[in-house]
Amino acid sequence: MLRPQRRLAVISTHTSPLARAGTTKAGGMNVYVAELSRQLGRLGWEVDVFTRRDRLDAPHAEELAPGVRLFHVAAGPTAPLTPMEVAGHVSEFTDGVAEVTQRGGGYDLVHSHYWVSGLSGIELARRWQIPHAAMFHTLGAVKQMFQQPEPQYRIAGERRVVNCADVVIGATSHERAFLIGQYGAEASRVQVVPCGLDVEKFHPNGLKAARRRVAEALPELGVFDGPGILFVGRLEPAKGVDLLVQALPMIEARPDATLWIVGGDERDEAERSRLRQLAEDGGVGGRVRFVNAVGREQLPDLYRAASVCAVPSAYESFGLVAVEAMASGTPAVATRVGGLASTIAHGRTGMLVSQRRPEQFASAIGRLLSDEPLRVRMGGAAANAMSVYSWQCVAASILDVYEALLRERAMSDWQRESCCPDPAESLLVAAS
Ligand code: UDP
């Protein structure tokens, strides 16, 4: 057993765990950092999360949960920046974290999230002489595979993190294989721990009552009695919302189906107009409803109120939305990629679609919408199957990884050399 009161430094440089998930650059990673930190706090760890200060009214420090503090560290302009812009301020951020901790200090381990944080994690682990666990959440080389251009310095930065971290935690065996095959990670240094789920929040609890509550809380979504197809997530091209809008008129068996699109904010108005136009062109303008990203307290009812949850992404390293929906008793219909291929059991807890085409999604969704017994059976099986992703299980597995690192450190005369001096800026200079 680990001794109590371990201290953990969590690095989430480019985005805060308090940012509203489902908007431009906040999603599964933000949820993950917040929830894992809370869970570790409950288990007696003292957790300090560090993020870059991007707004003037952010306090120096605030309590996220018992035992969990969030520090906003100045680095670069106090304004929102893209992750790639944040990469240019890594050294400043790292120095800022080190300065804050001079007043507290004494961490046992550093856990970084995303490659930009990983670069800070490398340097902090060297300064503090402690182990470093890194997680990427998304990988540049994977995005490139799906025709999304990524700067070369991101891939180079990821390689550095892979080479220098004591352990890299991937969400699926698919990610692990990718880290080994494409990034040259040492197999013994890559562990798989899936993402977690709040099973107390996400569970079945009646479709009709959920619809009533959703109609009250989110009138933009309209009141309807027919089948509801739900999309939840950031409104970015890789998520494939347009594919769903195109699929809707093709679901001939259920011309009464509605598509709910939940996610984004006022910055996404142009994308929403494009989707509205696409719906008009397909003759289904009145059957597509939008609402801005909602808080986590509203999500369980949204999932329960839907007949199916569609995830037509080009890629998902894990795909929390599908897992949350299934845990709430709603089958998922998703592309057979990344984490989705391992969390969804095709034909049992949802449907996996191999070709990312509107007609394929229309056919899979149409099948579920026209067969209520099948849908109910799948929803029940899905809710049962998702218990393995409970935070209790996931945090226990993460603690096993930490414990192994701390044991390794205690048993060797562990001396950390500088792995990658001046990490981020040298990458950016090399790229320019
Ligand atoms: N999310 C949310 N409110 C919204 C839309 C999304 O809280 O309106 C959350 C969603 O519940 C999930 C996360 O954002 O936990 C998205 O994670 P996922 O892994 O599906 O996608 P990512 O954004 O990481 O690509």
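Everything numeric here is computed off the predicted structure, so don't read it as measured data.

K.L.:
Give me the lowdown on the site of the ligand, citing residues and values where you can.
P.N.:
Lining the immediate environment of the ligand, one finds 20 residues, of which G28, R234, K239, V294 and E324 sit closest. Between the ligand and R234 there is a distance of 2.7 Å, counted from an oxygen atom to a side-chain nitrogen or oxygen. At a separation of 2.5 Å, an oxygen atom of the ligand approaches a polar side-chain atom of E324. About the coverage of the ligand: the protein hides 92% of its 540 Å² of free accessible area.

K.L.:
Quick one: what's the story with helix α1 (residues 28–42), residue by residue and with numbers?
P.N.:
When the terminal C-alpha atoms of α1 are compared, their 21 Å separation across 15 residues agrees well with the 21 Å that a helix rising 1.5 Å per residue should span. Looking at α1, one finds that the buried residues are M29, N30, V31, Y32, V33, A34, E35, L36, S37, Q39, L40 and G41. G44, located one to two residues past α1, shows a positive phi value of around 95°.

K.L.:
Account for empty space enclosed by the protein, naming residues and giving values.
P.N.:
Going through the model one piece at a time under the given rule, you end up with four cavities of 30 Å³ or more. Around the largest cavity, the lining residues are V31, E35, G196, L197, D198, K201, F202, R296, L320, E324 and W391. Going through the elements one at a time, α1 and α12 (320–327) are the ones with two or more residues in the lining of the largest cavity. Of the residues contributing to the lining of the largest cavity, the split by class is five nonpolar, one polar and five charged.

K.L.:
Please set out the packing of aromatic side chains residue by residue, giving values where relevant.
P.N.:
Summed over the entire model, instances satisfying the criterion amount to 10 aromatic pairs. Their ring planes at 55° and their centres at 6.3 Å tell us that W115 and Y153 sit as a pair that is tilted. Taken together, the residues span a long stretch of sequence, with W115 in helix α4 (residues 115–128) and Y153 in helix α6 (residues 152–164) at a distance of 38 residues. Across the pair, exposure class does not vary: W115 and Y153 are buried alike. Judged by centre distance (5.7 Å) and plane angle (80°), the ring pair of F318 and Y389 falls under edge-to-face.

K.L.:
Tell me about the side chain of N30, and name the residues and values.
P.N.:
Inspection of the secondary structure puts N30 in helix α1. Within the structure, the side chain of N30 is placed 2.9 Å from the backbone oxygen of S16, a separation counted as a polar contact. Engagement of the side chain of N30 in a polar contact is seen with the backbone nitrogen of G27, the distance being 2.9 Å. Every residue in contact with N30, bar those within four places of it in the chain, is listed here: T15, S16, P17, A19 and K25.

Calculation rules
Residues numbered from 1 in each chain as written. Predicted model: local features only at pLDDT ≥ 70, side-chain atom pairs only at ≥ 80, totals over all residues. Heavy atoms only, no water. Near = heavy atom within 4 Å. Polar contact = N/O pair within 3.5 Å; in protein donor to acceptor, adjacent residues only side chain to side chain. Areas by Shrake-Rupley, 256 points an atom, 1.4 Å probe, with all protein chains shown as cover. Helix = DSSP H or I, 4+ residues; strand = E, 2+ residues; numbered from the N terminus. Expected span 1.5 Å × (residues − 1). Buried < 20%, exposed > 50% of the residue type's maximum accessible area, 1.4 Å probe, protein only. 1 Å grid on protein atoms, 1.4 Å probe; cavity = no way out; pocket = protein on both sides within 12 Å on 5 of 7 lines; lining within 4 Å. Points joined across faces, edges and corners; volume = space filled by probe spheres on them. Nonpolar A, V, L, I, M, F, W, Y, C, P; charged D, E, K, R; others polar. Phe/Tyr/Trp six-rings, centres within 6.5 Å; stacked < 30°, edge-to-face > 60°. Contact = heavy atoms within 4.5 Å.

These values are about where atoms sit, not about what they do.
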